[in-house]
Every structure is written in C-alpha cells, then in structure tokens.
Amino acid sequence: VQLQASGGGLVQAGGSLRLSCAASGRTFSSYAMGWFRQAPGKEREFVAAISGSGYRLYQDFVKGRFTISRDNAKNTVYLQMNSLKPEDTAVYYCAAGQVLVRSISSYDYWGQGTQVTVSS
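Just so it is clear, the structure is predicted and the values come from calculations on it, not from any experiment.

Draft legend 1. Local environment of the overall build of the protein chain. The number of helices and strands found in the protein chain is 0 helices and 11 strands. Along its sequence from the N terminus, the protein chain presents helices and strands in the succession β-β-β-β-β-β-β-β-β-β-β. Principal axes of the C-alpha set define a box for the protein chain whose edges measure 40 × 25 × 25 Å. For the protein chain, with 120 residues in total, the buried portion stands at 43%.

Draft legend 2. Molecular detail of the state of the cysteines. This structure, assessed with the given rule, holds 1 disulfide. Note on cysteine connectivity: C21 is disulfide-linked to C94, with sulfurs 2.1 Å apart. Here C21 and C94 share a disulfide; its torsion about the S-S bond, 60°, makes the bridge right-handed. Linking C21 in strand β3 (residues 17-23) with C94 in strand β9 (residues 90-97), this pair joins segments that are 73 residues apart in sequence. Assigned by exposure class, C21 and C94 land together as buried.

Draft legend 3. Quick look at the pattern of salt bridges. In this structure the tally under the stated criterion is 4 salt bridges. When the shortest N-O distance is used, the salt bridge between K63 and D60 registers 3.3 Å. The residues K63 and D60 share a single accessibility class, namely exposed. Measuring nitrogen to oxygen at the nearest pair gives 2.7 Å for the salt bridge that ties D88 to R65. Taken together, the residues D88 in the loop between β8 (76-81) and β9 and R65 in the loop between β6 (56-58) and β7 (66-71) connect sequence positions 23 residues apart. Each member of the pair, D88 together with R65, is buried. Residues joined in a network through salt bridges with shared partners are R37, E45, R65 and D88.

Draft legend 4. The nonpolar core, seen in detail. M33, W35, L79, M81 and Y92 are the most contacted members of the largest nonpolar core, which has 29 residues in total. Contributing elements (two or more residues each) for this core: β1 (3-6), β3, β4 (32-38), β5 (45-50), β7, β8, β9 and β11 (114-119). Dropping the residues within four chain positions of it, M81 is found in contact with G15, S16, L17, L19, R65, F66, Y92 and V116. The next biggest cluster of nonpolar side chains, apart from the first, holds 6 residues, and it includes F36, F46, A49 and L57.

Reading the values: the criteria
Residues numbered from 1 in each chain as written. Predicted model: local features only at pLDDT ≥ 70, side-chain atom pairs only at ≥ 80, totals over all residues. Heavy atoms only, no water. Helix = DSSP H or I, 4+ residues; strand = E, 2+ residues; numbered from the N terminus. Buried < 20%, exposed > 50% of the residue type's maximum accessible area, 1.4 Å probe, protein only. Disulfide = S-S within 2.5 Å. Salt bridge = Lys/Arg side-chain N within 4 Å of Asp/Glu carboxyl O. Core = buried A, V, L, I, M, F, W, Y, C linked by side-chain atoms within 4.5 Å. Contact = heavy atoms within 4.5 Å.

The quantities given are spatial measurements derived from coordinates; they are silent on function.
Here it is in structure tokens:
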C-alpha cells in the first residue's frame, strides 16, 4: 500500500483544513486508516483512526474539533480539522494497518506527511 497525504497549509487559529490521504491498491477497504502528527521536538502521536466499516477512534485533544472519514470507492481517507489551535501545528501523517488501534507500531504503511501550521 502506498499512501499520499495532502491538504496541509498555513491557517489562522480558529480556521479549518481538510487533509486527504490517497491510497494505492485494491484492498483499501480492508485496512484501518489512521492519522498521526509530530510537532518539532516531540514524539509522533495518535490523532484519529477509522476502520474499513467506519468505526472511529479519536484522541481526546481533537474530540469535537476533528472528524475522520473515508471513501472506499476513492481509496481516500480524510481528516476534517475545525477550530484549529496553534498547538495543532505539526506534520500530519496518514497510515494503514490491520487493526483499529491507537498504537503507532501497529500501522504498517505510512504516507510522507503534510505540514499544518496554525498561527495565533
């Protein structure tokens, strides 16, 4: 599986962005898809994930602000980010794995990352 993330950019606090992650391969719907982020000097952390059937997990700090979704017909997973805060600034990565979990090590395939910068 090859993953290509896009949609990052510079936005003011309170603004919105939608990230996309396009996947190659015919078995996209069988994978759990996750979004992770890594801020400068910090470890990569879980943001949200969605199973092939649409069950979702969120990290507490994005609940109510971010929404993960997927379109299996387009082999694409999305992360709609609203009410962005400066502390959301990070490189955002999409990943594919066999199970819907928060653990980074459980995801087998990773995209290249897209930069999100939120100004105050």
